[in-house]
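Coordinate inspection notes
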Amino acid sequence: MKKRILILTLLCLTALKAQDRSYAIVTGAPFLRISPDARSGGLGDQGVATSPDGFSQFWNPSKYVFGTSYSGVGVSYTPYMNKLTNDVFLLNGTFYTFLGEEERSTLGASIYYFNLGEIQLNELMGNTIMEKGISKPNEFSIDVSYGLKLADIYSMAVTARYIRSDLYNNVDNSSAQTKAANTFAVDVTGYFLSGKNSIFSDYEGRWRAGWGIFNMGPKLDYSDSKENSNYLPTNLRLGAGYDLYFDEENKLGVTFEASKLLVPAPEENTDELGNKTYSTPDKNFISGMFSSFGNKDAVKEITYSLSAEYSFNNAFAFRTGYFYEDKDKGGRQYVTLGAGLKYQSFGIDFSYLITTSSINNALDNTLRFGLTWDFGGETTNSYESD
């Protein structure tokens, strides 16, 4: 019971404004910052510049136009806070397909669901505990993307997303007038894929690069008051990588990515007694994005990840990655391991996270997995073609 109350309390706090003695940047719908799929989970939680896969919808849907299959679906499952409870999890489902015979555009869609379990609500009346029902807090997003190949080596995509955050499900909090929050957001992404070259002796390779601005949209409003409205986790991702082909069957990919939250930091104020207080700036999301580059210690807000992926004959893959976040901005630092198997059109991926810092991680020692199914035949302009 205490564990469940703690989980609800922590998650609800992410939807509140920064309080005194806190300079942390908090947002609504924080689940949108959690990697949903096992392949990216094995690559240090990165995906804006990695090679295309069925879960590119979350990371960079402009990668789809370089995909090897005409259509595909994927489902991934991630247990969350499994050291405290067994009914909190993230579930992600994706679909994509090419449009037209020229295979220069794609349509993608996904649903991302964060279940926070069931929580028994009680109220103490005198010496008696009265049951007040069951709370089932949850968050989810639904999005649709359109990708277009603008050149043989470059593509872009636009994604529209609906977001709902119901952290106070069935909680009687009439004094604060809290409610489920709804909003929408837009992503804009780009992806570059070079032709094969031979810069390393006789081995061929490809350069990859990607960028994206994600979750641009109005604030989440948890009540009719501005006091409970929160910025979305708008963020900028940049990355680059290289795939080295030892022969037709063996390939090694290395990728580096960086990400920054485009949300203004709390403003520092001084009260009548000389004590420092902090308040979230009241700006629209566009102004907030640009002003975030002027945040105090803005450089520390950048997270980094480095990964390597070895694959054999597109049937077996072994992955590892490292993720770094400054200790003053969250302190998440961890190593990831992963593997993938593919048989004909079906694939399965696993990943495992090991924390390397003193900061607890909700996904520490967590095994994630995902399933993919490709159908519709191979494309004529795929990532693996010459």
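Residues numbered from 1 in each chain as written. Predicted model: local features only at pLDDT ≥ 70, side-chain atom pairs only at ≥ 80, totals over all residues. Heavy atoms only, no water.

Digging into the overall build of the chain
Note the threshold: Segments assigned H or I by DSSP are reported as helices when at least four residues long, segments assigned E as strands when at least two residues long, and all are numbered from the N terminus. Under the scheme applied here, a residue whose accessible area is under 20% of the maximum for its type counts as buried, over 50% as exposed, and between as partly exposed, the area being computed with a 1.4 Å probe on protein chains only. Only heavy atoms enter the contact rule, under which two residues are in contact if any of them lie within 4.5 Å. In short, Shrake-Rupley with a 1.4 Å probe defines the accessible areas, and a residue's cover is counted only from the protein chains shown.
Scanning the chain from terminus to terminus reveals four helices and 21 strands. When burial is assessed residue by residue, the chain has 50% of its 386 residues classed as buried. For the chain, long-range pairs separated by at least 24 residues make up 62% of all intrachain contacts whose partners lie at least 6 apart in sequence. Just so you have it, the chain exposes about 18300 Å², and 59% of that area is on carbon and sulfur atoms.

Examining the pairing of strand 19 (residues 333-343)
Two faces make up the sheet, and in a regular strand the side chains alternate between them. Just so we agree on the cut-off: In this analysis, strands are considered paired if DSSP registers two or more bridges between them.
Bridge count for strand 18 (residues 316-324) against strand 19 is nine bridges, and the pairing is antiparallel. Each bridged residue has a counterpart across the sheet, and for phenylalanine 323 the counterpart in strand 19 is tyrosine 334. Relative to strand 20 (residues 346-355), strand 19 runs antiparallel, the two sharing 10 bridges. Each residue of the ladder has a partner; that of glycine 340, found in strand 20, is aspartate 349. Connecting strand 19 to the next strand, strand 20, in antiparallel fashion are two residues, including glutamine 344 with a positive phi near 55 degrees.

Considerations on the side chain of asparagine 197
The residue asparagine 197 is located in strand 9 (residues 197-200) in this model. Judged by its relative accessible area of 19%, asparagine 197 falls in the buried class.

Quick notes on the packing of aromatic side chains
Operational definition: Stacked, edge-to-face and tilted labels apply to pairs of Phe, Tyr and Trp rings (six-membered ring for Trp) whose centres lie within 6.5 Å, assigned for plane angles under 30 degrees, over 60, and everything in between, in that order. Any Lys NZ or Arg CZ found within 6 Å of a ring centre and within 35 degrees of that ring's normal is scored as a charge over the ring.
Tallying each qualifying case throughout the model produces 18 aromatic pairs. A network of ring pairs unites the aromatic residues Phe31, Phe58, Trp59, Tyr80, Tyr112 and Phe114 as a single cluster. Over the face of the ring belonging to tyrosine 231 we find lysine 219, whose NZ or CZ atom lies 4.3 Å from the ring centre. Lying over the aromatic face of phenylalanine 293, lysine 260 brings its terminal NZ or CZ to 5.3 Å of the ring centre.

Here we look at the pattern of salt bridges
Quick note on the threshold: Whenever a carboxyl oxygen of Asp or Glu lies within 4 Å of a side-chain nitrogen of Lys or Arg, that contact is scored as a salt bridge.
With the rule as written, the count across this model stands at 13 salt bridges. Between aspartate 45 and arginine 368 there is a salt bridge; the shortest N-O distance is 3.1 Å. Placement of aspartate 45 in the loop between helix 2 (38-42) and helix 3 (56-59) and of arginine 368 in strand 21 (residues 367-378) is noted, with a sequence separation of 323 residues between them. Aspartate 45 gets classed as buried once you look at its relative accessible area, which sits at 14%. The class for arginine 368 is buried, based on a relative accessible area of 2%. Linking arginine 332 and glutamate 325 is a salt bridge whose minimum nitrogen-to-oxygen distance equals 2.9 Å. You can call arginine 332 partly exposed: its relative accessible area is 27%.

Here's the deal with a nonpolar patch on the surface
Here is the rule: Patches in this entry comprise residues that are over 30% relatively accessible and not in a salt bridge; like charges within 9 Å are linked, as are nonpolar side chains (Val, Leu, Ile, Met, Phe, Trp, Tyr) within 5 Å.
Taken together, the side chains of Val254, Phe256, Val299, Tyr304, Leu306, Tyr322 and Tyr324 make up a nonpolar region of the molecular surface, amounting to roughly 620 Å² of accessible area. If you list the elements that add at least two residues to the nonpolar patch, you get strand 14 (250-261), strand 17 (302-312) and strand 18. Looking at the element boundaries, tyrosine 304 is found in strand 17. For tyrosine 304, a relative accessible area of 32% translates into the label partly exposed.

Details of the nonpolar core
A general tendency of soluble globular proteins is for nonpolar side chains to be buried together. We apply this condition: Nine residue types can take part in a nonpolar core, namely buried Ala, Val, Leu, Ile, Met, Phe, Trp, Tyr and Cys, and a core is a set of them joined through side-chain atoms within 4.5 Å.
Counting 25 residues, the largest nonpolar core has Phe31, Ile34, Tyr80, Tyr112 and Phe114 as its most contacted members. Where this core is concerned, the elements lending two or more residues are helix 3, strand 3 (105-115) and strand 8 (181-193). Setting aside chain neighbours within four positions, we find tyrosine 112 in contact with Phe31, Leu32, Ile34, Ser35, Pro36, Phe58, Leu90, Leu91, Asn92, Glu139, Phe140 and Ser141.

Topic: unusual backbone geometry
One non-glycine residue, alanine 29, lies in positive phi territory at about 45 degrees. Along the polypeptide, alanine 29 turns up in the loop between helix 1 (2-13) and helix 2. A positive phi angle is found at asparagine 314, which is not glycine, with a value near 55 degrees.

A few points about the confidence of the model for the chain
When pLDDT is low, close inspection of the predicted coordinates is not appropriate. Selection rule: pLDDT runs from 0 to 100 and stands for how confident the predictor is about each residue.
The pLDDT averaged across the chain works out to 84; a share of 84% of its residues lies at or above 70. Put simply, helix 1 is where the chain has its lowest mean pLDDT, 45, and strand 18 is where it has its highest, 96. Note that residues 1-22 has pLDDT below 50 and, in this model, 46 contacts with residues that lie over four places away or in other chains.

Side note on the side chain of arginine 39
To keep it simple, the criterion reads: For the purposes of these results, a polar contact is taken to be a pair of N or O atoms within 3.5 Å, where, inside protein, one atom must be able to donate a hydrogen and its partner to accept one; residues adjacent in sequence count only when each atom of the pair is a side-chain atom.
The topology assignment puts arginine 39 in helix 2. At 2.8 Å, the side chain of arginine 39 and the side chain of glutamate 309 are in polar contact. Contacts of arginine 39, omitting those with residues within four sequence positions, involve Thr50, Ser51, Pro52, Asp53, Glu309, Arg319 and Asp349.

Regarding the environment of tryptophan 211
Within the element layout of this structure, tryptophan 211 appears in strand 10 (residues 203-216). Along the backbone, tryptophan 211 and methionine 156 are 55 residues apart, and their C-alpha atoms lie at a distance of 9.5 Å. Non-local contacts of tryptophan 211, meaning those with residues more than four positions away in its chain, are made with Val48, Asn60, Tyr154, Met156, Val188, Thr189, Gly190, Arg237 and Leu238. At 3.0 Å, the side chain of tryptophan 211 and the side chain of tyrosine 154 are in polar contact.

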